[in-house]
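Residues per chain, in single letters:
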Amino acid sequence: MFLFQLNNAVRTVSFHIKYQFSGGLVSVKPGLLYVVATPIGNLGDISLRAQQILTEVDFIAAEDTRRTRPLLQHLGISKTMIAIHEHNERQRMDDILGRIQAGESMALVSDAGTPLISDPGYHLVREARAQGIIVSPVPGASALVAALSVSGLPTDHFRFEGFLPPKRSARKARLLELLHETVTLVFYESSHRIIETVDDMCEILGNDREAILARELTKMYETVLGPNLADIHTALQVDANQSRGEFVLVVRGAEKSASDNDTAQADRLLQLLLAEMSVKSATRVVSAYMELPKNEIYRRALQLQQENDN
Ligand code: SAM
């Protein structure tokens, strides 16, 4: 019994020490700008640290105070708020940064998710850093990362495109520019345009391009559709509910095709490997190592094998 209590006491002390040393629940510092992530749906996703910072700062700058107030009420926080959105960010900047320079601490929040990710705050953060103010992140939810994490598509490299242009001609032009992009593509989209955007993606990127449509993540009607653009298109046509809510589209990048440099390097590797192993094995190694399509490498390996045999 005594040993059990002692173990627990040691565990509690070491937890507190680790927590403090790792920057855990420490008090808000004066003269700092905190960039605080809030939930993208499920209020349970607010972090302990975000709650503490929002409780302790002198004031909060919110994209839309009417959207942030219910969250603060849910957390039992009553705090002075000012609105800062894309139309007034630059005008409000001097006043806000003046208060922080004078020693007040402030939290910047957006309507949902991480501020500055397709949300206001860029000009404020840039100017704060230019003035030598410490800008400290309080990380949490972002729809971009949440969707990527469940997409089953490559996440080692990706390109965040945010919202495509609202006008159809400009949207198609942007998709054409992205046609040969080989890394995973991530887009935000609203319910007003999701059907048109998926139509355009099918037309330009191709029906069979692997993709997922992540809808209403962390909320009651969370849905993840896939596995390609044609399937997403069909699901949107047959069920009107699937085009309601908020969306992230994650689309596989284009197949990498071999450049002249790649071809020369693949040839050298294939020649070395063909002396030691079968065409199939050499193909597997070279396509995996160079991240090039297996069929292209296989054709080239057969060609080289034939030339070697003659
Ligand atoms: N700052 C936010 C973030 O970190 O994700 C994004 C803000 S942006 C104005 C809003 C867009 O994010 C929505 O139109 C939608 O594309 C995406 N989004 C936000 N919440 C989402 C959710 N719960 N499920 C799917 N997409 C969401």
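What you see is a predicted model, and the numbers here were worked out from it, not measured in a lab.

## Section: the site of the ligand
For step 1, the next point in the chain: As a matter of local geometry, the ligand sits amid 19 residues, with Asp119, Ser142, Ala143, Tyr188 and Phe247 nearest to it.
For step 2, the next point in the chain: The backbone of Phe247 places a nitrogen or oxygen atom 2.6 Å from an oxygen atom of the ligand.
For step 3, the next point in the chain: Protein contact buries 91% of the 570 Å² of open area that the ligand shows by itself.
For step 4, the next point in the chain: For the shell around the ligand, the secondary structure elements donating two or more residues are strand 7 (184–189) and strand 10 (247–251).
For step 5, the next point in the chain: Tallied by class, the residues present in the shell around the ligand amount to ten nonpolar, four polar and five charged.

## A few points about the domain arrangement of the protein
For step 1, the next point in the chain: Considered domain by domain, the protein is made up of domain 1 (2–141), domain 2 (144–251) and domain 3 (260–309).
For step 2, the next point in the chain: When each unit is reduced to the centre of its C-alpha atoms, the spacing between domain 2 and domain 3 is 35 Å.

## So, the packing of aromatic side chains
Where two aromatic rings form a pair, the distance of their centres and the angle of their planes describe that pair.
For step 1, the next point in the chain: Evaluated as defined, the whole model comprises two aromatic pairs.
For step 2, the next point in the chain: Their ring planes at 70 degrees and their centres at 5.0 Å tell us that Phe160 and Tyr188 sit as a pair that is edge-to-face. Of this pair, Phe160 sits in strand 6 (residues 158–163) while Tyr188 sits in strand 7, and the two are 28 residues apart along the sequence.
For step 3, the next point in the chain: Centre to centre, the rings of Phe163 and Tyr188 are 5.8 Å apart; their planes meet at 65 degrees, and the pair counts as edge-to-face. Remark: Tyr188 occurs in strand 7 and Phe163 occurs in strand 6; sequence separation between them is 25 residues.
For step 4, the next point in the chain: Three or more aromatic residues joined by ring pairs form one cluster here, namely Phe160, Phe163 and Tyr188.
For step 5, the next point in the chain: The aromatic ring of Phe59 is capped on one face by Arg99, whose charged end is 3.8 Å from the ring centroid.

## Description of the sheet that holds strand 5 (residues 134–138)
Consider a sheet: its strands pair through backbone hydrogen bonds, and that pairing is either parallel or antiparallel.
For step 1, the next point in the chain: Spatially, the five strands line up as an open sheet ordered 3-2-4-1-5, and their pairing is parallel. Two strands bound the open sheet, and with one partner strand each, they are strand 3 (81–83) and strand 5. Strand-to-strand twist of the sheet, defined as the mean angle between neighbouring strand axes without regard to direction, takes the value 25 degrees.
For step 2, the next point in the chain: Pairing of strand 2 (residues 59–62) with strand 3, which is carried by three bridges, proceeds in the parallel orientation.

## Remarks on the packing of helix 11 (residues 279–290) against helix 12 (residues 294–309)
For step 1, the next point in the chain: Two elements in contact, helix 11 and helix 12, have axes whose closest approach is 9 Å; the angle formed by their N-to-C orientations is 135 degrees. Taken together, the axes of helix 11 and helix 12 are oblique relative to one another. In this structure, the crossing between helix 11 and helix 12 has a hand that is right-handed. Across the interface between the two elements, Val279, Lys280, Thr283, Arg284, Val286 and Ser287 from helix 11 touch Lys294, Ile297, Tyr298, Ala301, Leu302 and Gln305 from helix 12.
For step 2, the next point in the chain: Of the residues that constitute the contact of helix 11 with helix 12, the class distribution is six nonpolar, three polar and three charged.

## Remarks on the environment of Leu54
For step 1, the next point in the chain: Mapped onto the elements, Leu54 comes out in helix 2 (residues 48–56).
For step 2, the next point in the chain: By relative accessible area, Leu54 is classed as buried at 1%.

## Focus on the nonpolar core
For step 1, the next point in the chain: The biggest cluster of nonpolar side chains holds 21 residues, and the ones touching the most others in it are Phe187, Met201, Leu213, Ile232 and Leu249.
For step 2, the next point in the chain: Put simply, the parts of the chain that give this core at least two residues each are helix 7 (168–178), strand 7, helix 8 (194–205), strand 8 (211–215), helix 9 (229–238) and strand 10.
For step 3, the next point in the chain: Looking at this core element by element, the count peaks at six residues for helix 8.
For step 4, the next point in the chain: Non-local contacts of Met201, meaning those with residues more than four positions away in its chain, are made with Leu164, Leu175, Phe187, Gly206, Leu229, Leu249 and Val251.
For step 5, the next point in the chain: If you look at the next biggest cluster of nonpolar residues, it comprises 19 residues, including Ile46, Ile60, Leu75 and Met81.

## Remarks on the sheet that holds strand 10
For step 1, the next point in the chain: Read across the open sheet, the five strands follow the order 6-7-10-8-9; overall the sheet is mixed. On the outer flanks of this sheet lie strand 6 and strand 9 (223–225), each paired with one strand and no other. Across this sheet, the average inter-strand angle for adjacent strands is 15 degrees, counted without regard to direction.
For step 2, the next point in the chain: Pairing analysis gives five bridges linking strand 8 to strand 10, with the strands arranged antiparallel.

## Examining helix 5 (residues 122–130)
For step 1, the next point in the chain: Among all positions in helix 5, only Leu124, Val125 and Ala128 are buried. Relative to the axis of helix 5, the buried residues are bounded by an arc of 95 degrees and lie together on one face. Across helix 5 from its buried face, at more than 90 degrees, point the exposed residues Arg126 and Ala130.
For step 2, the next point in the chain: Buried residues belonging to helix 5 abut strand 1 (32–36), helix 4 (89–101), strand 4 (106–109) and strand 5.
For step 3, the next point in the chain: Where helix 5 ends, the next residue or the one after it, Gly132, has phi of about 85 degrees, a positive value.

## So, the environment of Ala211
For step 1, the next point in the chain: Within the element layout of this structure, Ala211 appears in strand 8.
For step 2, the next point in the chain: Remark: the alpha-carbon pair of Ala211 and Thr155, spanning 56 residues in sequence, is separated by 13 Å.

What counts and how
- Residues numbered from 1 in each chain as written.
- Predicted model: local features only at pLDDT ≥ 70, side-chain atom pairs only at ≥ 80, totals over all residues.
- Heavy atoms only, no water.
- Near = heavy atom within 4 Å.
- Polar contact = N/O pair within 3.5 Å; in protein donor to acceptor, adjacent residues only side chain to side chain.
- Areas by Shrake-Rupley, 256 points an atom, 1.4 Å probe, with all protein chains shown as cover.
- Helix = DSSP H or I, 4+ residues; strand = E, 2+ residues; numbered from the N terminus.
- Nonpolar A, V, L, I, M, F, W, Y, C, P; charged D, E, K, R; others polar.
- Domains from an automatic or database assignment.
- Phe/Tyr/Trp six-rings, centres within 6.5 Å; stacked < 30°, edge-to-face > 60°.
- Lys NZ or Arg CZ within 6 Å of the ring centre and 35° of its normal.
- Pairing = 2+ DSSP bridges.
- Axes fitted to C-alpha atoms, helices over the stretch in contact; angles between N-to-C directions.
- Parallel < 35°, antiparallel > 145°, perpendicular 65-115°, else oblique.
- Left-handed = near helix turned anticlockwise from the far one by under 90°.
- Contact = heavy atoms within 4.5 Å.
- Buried < 20%, exposed > 50% of the residue type's maximum accessible area, 1.4 Å probe, protein only.
- Core = buried A, V, L, I, M, F, W, Y, C linked by side-chain atoms within 4.5 Å.
- Arc of directions from axis to C-beta.

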